[in-house]
Amino acid sequence: MRAVVLHEFGPPAHLRVVDVPTPRPAAGEVAVRVSAAGVQFLETQVRAGTMRGALGGVPLPVILAKEIAGLVTEVGPGGDTALIGVRVLASTAGLGGYAETAIVPAANLVPVGDAIGLPEAVAVYRYGATAQGLIKAARVGAGDRALVLAAAGAIGTILVQLLKRAGVTVVAAARGEHKVGLLGRLGADHIVDYSLPGWTGLARDAAGGSVDVVFDHVGGALGRESLELLTPGTGRQIVFGFSSGTPLEVRPMELIGRGLTLTGFSAGLIWSRPALARDLVTEVLELAAAGRLTPVIGRRFPLERAADAHAAIEARGTVGKTLLIP
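Just so you know, these numbers come straight off a predicted model, no measurement behind them.

## Considerations on the overall build of the protein chain
Working step 1: Helices and strands together make up the secondary structure of the protein chain, namely 11 helices and 15 strands.
Working step 2: Dimensions of the protein chain, computed from the C-alpha atoms along their principal axes, are close to 60 × 40 × 35 Å.
Working step 3: Across the 326 residues in the protein chain, those meeting the buried criterion constitute 50%.
Working step 4: The long-range share in the protein chain, meaning contacts at least 24 apart out of those at least 6 apart in sequence, stands at 69%.
Working step 5: Split by element, the accessible area of the protein chain, about 13,500 Å² in all, is 55% carbon and sulfur.
Working step 6: Averaging the coordinates of the 30 positive side-chain charges in the protein chain and doing the same for the 27 negative ones gives two points 2 Å apart.

Printed below as a string of structure tokens:
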């Protein structure tokens, strides 16, 4: 089979398509013929060598990718043969998704009905569950005002829509005209381009003075500027990444002095609880299948262009979910 293999850390060009043996499932596993594989920002960092620890000690060469959708083609010894031919979402054990066939634990399969395409299902899969977890962690409800940074990204596009369904006033922040236009179509109440000087003033005006919650996947200067927009006494900032490359830095006394809450969030807390993860994924799939949540697929690349997919994500040139299509 064909697969995208990383033989050494470095630039996107180090991702190359080669022929490798088709893997076979062991007990408790299934083989999935991959229809679409999600490309995550974390995978670009792993490839570059800045997040080698995410490999868990597995030596190169490796096939990256965690999230896939496709058809079950084989089950491991003792497995349920009724699964063969079923459309599923699944997470690999951490590696193996950039390929024509991937091996995944049978226990984490999520069936996908015919009402939604497999690429669209991947677009709302893991990041949809993350968005729901973020909303719960932020304790938001109808009438709250929320600022979403990187709102045109894979998580942000889902988060904006779910917040609107919860009755929240959404100030969506992104960079560039194309992303701003997308967020308007997704229903954001106010949209701010944070590449413009004085963007925080625009966000403050849009929110009517301050925001109750900031969803921060950017960190660095933008995360810091967003902190200043929080309502004293009740404001909370949910930090779930630092795509800027620099984590948000806040001194405890700043939080105490303004009565703010800073919460760290990891999607691993969801995926370590398989039953919870399955429930959250099923909820977003049902919303998407019913037309009440729009999966946003920014770009689709064939396996041969995996390097271009990574380069586009690193250049912040994508919106929504980026996919590889074997």
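Following the structure, the description resumes.
## So, the environment of Leu159
Working step 1: Examined against the element boundaries, Leu159 turns out to sit in helix H4 (residues 154–165).
Working step 2: Here Leu159 falls in the buried class, since its relative accessible area comes to 0%.
Working step 3: Taking C-alpha positions, Leu159 is 20 Å from Leu89, a pair spaced 70 residues apart along the chain.
Working step 4: Residue contacts for Leu159: discarding those within four places in its chain leaves Ala131, Leu134, Ile135, Val148 and Phe215.

## Structural notes on the domain arrangement of the protein chain
Working step 1: As far as domains go, the protein chain holds domain 1 (2–116 + 295–324) and domain 2 (136–268).
Working step 2: The distance between the C-alpha centroids of domain 1 and domain 2 comes to 30 Å.
Working step 3: Taken together, the contact between domain 1 and domain 2 spans seven residues of the former and 10 residues of the latter.
Working step 4: For the pair domain 1 and domain 2, the summed buried surface comes to about 720 Å²; carbon and sulfur atoms form 61% of the total.
Working step 5: Of all residues in domain 1, Val296, Arg316 and Val319 bury the most surface against domain 2, accounting for 59% of the area lost on that side.
Working step 6: At the surface where domain 1 touches domain 2, the tally comes to zero salt bridges.
Working step 7: Our count for the domain 1 to domain 2 interface comes out at four residue pairs in polar contact (both at pLDDT 80 or more).

## As for the side chain of Ser243
Working step 1: You can see Ser243 is positioned in the loop between strand E12 (236–239) and helix H8 (252–258).
Working step 2: For Ser243, a relative accessible area of 14% gives the class buried.

## Some points on the packing of aromatic side chains
Working step 1: Counted by the stated rule, this structure contains two aromatic pairs.
Working step 2: Seen in terms of ring centroids, Tyr125 and Trp271 are 5.7 Å apart; in terms of plane orientation they differ by 80°. Their pairing is edge-to-face. Taken as a pair, Tyr125 in the loop between helix H2 (118–123) and helix H3 (126–138) and Trp271 in helix H9 (residues 268–271) lie far apart in primary sequence, 146 residues in all.
Working step 3: Between the NZ or CZ atom of Arg126 and the centre of the ring of Trp271, over which it lies, the distance is 4.0 Å.

## Points about the packing of H3 against helix H10 (residues 274–289)
Working step 1: At their nearest, the axes of H3 and H10 sit 8 Å apart, and the two run at 105° to each other. Judged by the angle between their axes, H3 and H10 are roughly perpendicular. For the pair formed by H3 and H10, the contact residues are Gly128, Ala129, Gln132 and Lys136 on the first element and Leu280, Val281, Glu283 and Val284 on the second.
Working step 2: Each residue belonging to the contact of H3 with H10 can be placed in one class, and the counts come to four nonpolar, two polar and two charged.

## Regarding the UniProt feature "domain: Enoyl reductase (ER)" (unreviewed entry) in the protein chain
Working step 1: Mapped onto the present numbering, the UniProt feature "domain: Enoyl reductase (ER)" (unreviewed entry) falls at residues 10–324.
Working step 2: Overall, residues 10–324 shows 32% helix and 23% strand. The separation of its end C-alpha atoms is 20 Å.

## Some details on the pairing of strand E3 (residues 29–39)
Working step 1: Burial runs high along E3: eight of the 11 residues are buried.
Working step 2: Alignment of E3 against strand E6 (residues 101–105), held across five bridges, turns out to be antiparallel. In the sheet register, Val32 faces E6, and the bridge partner there is Ala102.
Working step 3: When E3 meets strand E4 (residues 67–75), the two strands line up antiparallel, connected through seven bridges. By the bridge assignment, Arg33 is partnered in E4 with Leu71.

## Remarks on the nonpolar core
Working step 1: Counting residues in hydrophobic clusters, the biggest one holds 56 residues, and the most contacted among them are Leu89, Leu163 and Phe215.
Working step 2: Of all the elements in the fold, those that place two or more residues in this core are H2, H3, strand E8 (145–148), H4, strand E9 (169–174), helix H5 (177–185), strand E11 (213–216) and H10.
Working step 3: Residue contributions to this core reach at least three from each of two domains, namely domain 1 (2–116 + 295–324) and domain 2 (136–268).
Working step 4: Not counting chain neighbours up to four residues away, the residues in contact with Phe215 comprise Leu134, Ile135, Ala138, Val140, Ala146, Leu147, Val148, Leu149, Leu159, Leu163, Ile238 and Phe240.
Working step 5: Residues Val5, Val20, Val104 and Leu324 belong to the second largest nonpolar core, which totals 35 residues.

Rules of the game
Residues numbered from 1 in each chain as written. Predicted model: local features only at pLDDT ≥ 70, side-chain atom pairs only at ≥ 80, totals over all residues. Heavy atoms only, no water. Helix = DSSP H or I, 4+ residues; strand = E, 2+ residues; numbered from the N terminus. Buried < 20%, exposed > 50% of the residue type's maximum accessible area, 1.4 Å probe, protein only. Contact = heavy atoms within 4.5 Å. Areas by Shrake-Rupley, 256 points an atom, 1.4 Å probe, with all protein chains shown as cover. Lys, Arg positive; Asp, Glu negative; His and termini not counted. Charge placed at Lys NZ, Arg CZ, Asp CG, Glu CD. Domains from an automatic or database assignment. Buried area = accessible area lost by both parts, 1.4 Å probe. Salt bridge = Lys/Arg side-chain N within 4 Å of Asp/Glu carboxyl O. Polar contact = N/O pair within 3.5 Å; in protein donor to acceptor, adjacent residues only side chain to side chain. Phe/Tyr/Trp six-rings, centres within 6.5 Å; stacked < 30°, edge-to-face > 60°. Lys NZ or Arg CZ within 6 Å of the ring centre and 35° of its normal. Axes fitted to C-alpha atoms, helices over the stretch in contact; angles between N-to-C directions. Parallel < 35°, antiparallel > 145°, perpendicular 65-115°, else oblique. Nonpolar A, V, L, I, M, F, W, Y, C, P; charged D, E, K, R; others polar. UniProt positions renumbered as here; feature names shortened; annotations may be inferred. Pairing = 2+ DSSP bridges. Core = buried A, V, L, I, M, F, W, Y, C linked by side-chain atoms within 4.5 Å.

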